[in-house]
Amino acid sequence: MTSAPIFVNGCHCRVCQRETGSAFAINAMIEADRVVMLTEGEPEIFVSQVGSVPATTCARCPRCGVSLWGTHPDFGEAIRFVRGGTLDERIIPDAHFFTVTRHPLVEVPERVPSFPGLPRPDDPPL
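Here the structure is a predicted model, which is why all the values come from computation and not from measurement.

Student: How do you make sense of the nonpolar core when you look at a structure like this?
Tutor: It is characteristic of soluble globular proteins that their nonpolar side chains tend to be buried jointly. In terms of nonpolar packing, the biggest core is built from eleven residues, these being Val8, Ala28, Ile30, Val35, Ala59, Cys61, Leu68, Trp69, Val82, Leu87 and Ile91. Among the secondary structure elements, those contributing two or more residues to this core are strand S2 (25-31) and strand S5 (67-72). Residue contacts for Trp69: discarding those within four places in its chain leaves Val35, Met37, Pro43, Thr57, Cys58, Ala59, Arg80, Phe81, Val82 and Arg83.

Written as structure tokens, this is what we have:
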């Protein structure tokens, strides 16, 4: 990432759980033009469709297959959600989403905003 992310979230939705193979994903939301591949090759793009949920895409490293970033239908291709586990520096979520499907072993700190799904327009701004 060539700049700081717009926002960092911990996402506990089933799609992020499946795509990362973990209990949740840490996503750094950032403009697509600020994400640079450091290795040669183009990422492999996978389209994920789960039930009636709108399709998302996942970019995987062409060398090792790790998930590098995803997209969300609400933001299109202009925004990428870089997987926090791929970064050398640790990032802390500003909020947690989809806690309704949070694994019981994962505790969200009380001081961090959390939402059962995505924040709604009547929720406090983040």
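Back to the write-up after that little detour.
Student: Looking at this model, I keep getting lost on the packing of aromatic side chains. Mind explaining?
Tutor: The description of two aromatic rings rests on the distance between their centres and on the angle between their planes. Evaluation of the coordinates by the stated rule reveals three aromatic pairs. Ring centres of Phe7 and Phe97 lie 6.2 Å apart, and the angle between their planes is 5°; on these two criteria the pair is classed as stacked. Here Phe97 lies in strand S7 (residues 95-97) and Phe7 lies in strand S1 (residues 7-11), a separation of 90 residues in the sequence. Phe97 carries the same exposure label as Phe7, and that label is buried. Ring geometry for Phe97 versus Phe115: centroids 5.9 Å apart, planes at 55°, classification tilted. Of this pair, Phe97 sits in strand S7 while Phe115 sits in the segment after S7, and the two are 18 residues apart along the sequence. Exposure class is identical for Phe97 and Phe115. Each is buried. Against the face of Phe46 rests Arg60, its NZ or CZ located 5.8 Å from the ring centre.

Student: Explanation requested: the confidence of the model for the protein in the structure shown.
Tutor: Low pLDDT marks regions whose predicted coordinates should not be analysed in detail. Averaged over all residues, the pLDDT of the protein equals 90, while 97% of them reach at least 70. Confidence, expressed as mean pLDDT per element, reaches its minimum in the protein at helix H1 (residues 14-20) with 85 and its maximum at S7 with 97.

Student: What is the right way to look at the environment of Gly65 in this model?
Tutor: Within the secondary structure, Gly65 is located in the loop between strand S4 (56-60) and S5. Between the C-alpha atom of Gly65 and that of Cys16, which follows or precedes it by 49 residues, the distance is 16 Å.

Student: Help me understand the sheet that holds strand S6 (residues 76-83), please; the structure alone is not making it clear to me.
Tutor: As a general point, the strands of a sheet are linked pairwise by backbone hydrogen bonds and lie either parallel or antiparallel. Across the sheet, seven strands lie side by side as S3-S4-S5-S6-S2-S1-S7; this open sheet has mixed pairing. Bordering the open sheet on either side are strand S3 (44-48) and S7, each of which pairs with just one other strand. Sheet twist, expressed as the mean angle between neighbouring strand axes with direction ignored, is 35°. Note that S4 and S5 share three bridges and pair antiparallel. Bridge assignment links Ala59 to a residue of S5, and that residue is Trp69.

Student: Would you mind showing me how to read the pairing of S6 here?
Tutor: Both faces of the sheet carry side chains from a regular strand, because those side chains alternate between them. The sheet contact formed by S2 and S6 spans five bridges and is antiparallel. Paired with Ile30 across the two strands is Arg80, which belongs to S6. In this structure, S5 lies alongside S6, joined through three bridges in antiparallel fashion. Bridged to His72 within S6 is Gly76. From the end of S5 to the start of S6, which pair antiparallel, there are three residues.

Thresholds applied
Residues numbered from 1 in each chain as written. Predicted model: local features only at pLDDT ≥ 70, side-chain atom pairs only at ≥ 80, totals over all residues. Heavy atoms only, no water. Core = buried A, V, L, I, M, F, W, Y, C linked by side-chain atoms within 4.5 Å. Buried < 20%, exposed > 50% of the residue type's maximum accessible area, 1.4 Å probe, protein only. Helix = DSSP H or I, 4+ residues; strand = E, 2+ residues; numbered from the N terminus. Contact = heavy atoms within 4.5 Å. Phe/Tyr/Trp six-rings, centres within 6.5 Å; stacked < 30°, edge-to-face > 60°. Lys NZ or Arg CZ within 6 Å of the ring centre and 35° of its normal. pLDDT = per-residue confidence, 0-100. Pairing = 2+ DSSP bridges. Axes fitted to C-alpha atoms, helices over the stretch in contact; angles between N-to-C directions.

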